[in-house]
Amino acid sequence: MDDQEMQLKVRRVSDKFTESMYVLANEPSVALYRLQEHVRRSLPELVQHKTDMQSWEEQSQGAIYSVEYACSAVKSMTNSSVYFKNIDTLLRQTITMKEQISNFNGRRYKHFVNMCINVTRRKFISPSISPSTVCTLLKYLKQF
């Protein structure tokens, strides 16, 4: 190998080494530049996604609150079945009592009407009916 050939090989190696050092020295700045470009392009989209997610979270929280409120209402309704059964029993008793009162008043009314008819015809069924009883009967009948 001659001297010229050796110098050429040394020069190539040194050029390659210099080029490699230059690339390594400039690589971080290129990487940071690419990173900056990427952030600049993708940041508006990321911000939009963030605001969308926040609004969805608010809507979800509202829906969760509504569902929890509905569940508590249903639970309180199941606990109130005892009260509804009591109300049902009381209503049935009231209806029975109303029917008994209506039947009693109907019989009493018929009895008073018959007594009044007998008084007006002067046919007293019982000699124990006094004039004050007749007046009471007439006052009672005026209510109807």
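If you're wondering where the values come from, they're calculated on a predicted model, not measured in any experiment.

This part covers the overall build of the protein chain. Regarding its fold elements, the protein chain presents three helices and zero strands. Ordered by position from N to C terminus, the α and β elements of the protein chain give α-α-α. Of all 144 residues assigned to the protein chain, the portion counted as buried reaches 8%. Counting every atom, the protein chain has about 13200 Å² of accessible surface; 62% of that belongs to carbon and sulfur.

What follows deals with the packing of aromatic side chains. Tallied over the full model, the rule gives one aromatic pair. Taking the centre distance of 6.5 Å and the plane angle of 20° together, the rings of tyrosine 65 and tyrosine 69 count as stacked. Residue tyrosine 65 and its partner tyrosine 69 are both found in helix α1 (residues 3-79); the two are separated by four residues, about one turn of the helix. Like tyrosine 69, tyrosine 65 is exposed.

On inspection of all chains with the given rule, the structure shows one salt bridge. Arginine 92 is the salt-bridge partner of aspartate 88, the closest N and O atoms lying 3.2 Å from each other. Here aspartate 88 and its partner arginine 92 are both found in helix α2 (residues 81-120), four residues apart, which amounts to about one turn of the helix. Assessed through its relative accessible area of 36%, aspartate 88 is described here as partly exposed.

Each value, and the rule that gives it
Residues numbered from 1 in each chain as written. Predicted model: local features only at pLDDT ≥ 70, side-chain atom pairs only at ≥ 80, totals over all residues. Heavy atoms only, no water. Helix = DSSP H or I, 4+ residues; strand = E, 2+ residues; numbered from the N terminus. Buried < 20%, exposed > 50% of the residue type's maximum accessible area, 1.4 Å probe, protein only. Areas by Shrake-Rupley, 256 points an atom, 1.4 Å probe, with all protein chains shown as cover. Phe/Tyr/Trp six-rings, centres within 6.5 Å; stacked < 30°, edge-to-face > 60°. Salt bridge = Lys/Arg side-chain N within 4 Å of Asp/Glu carboxyl O.

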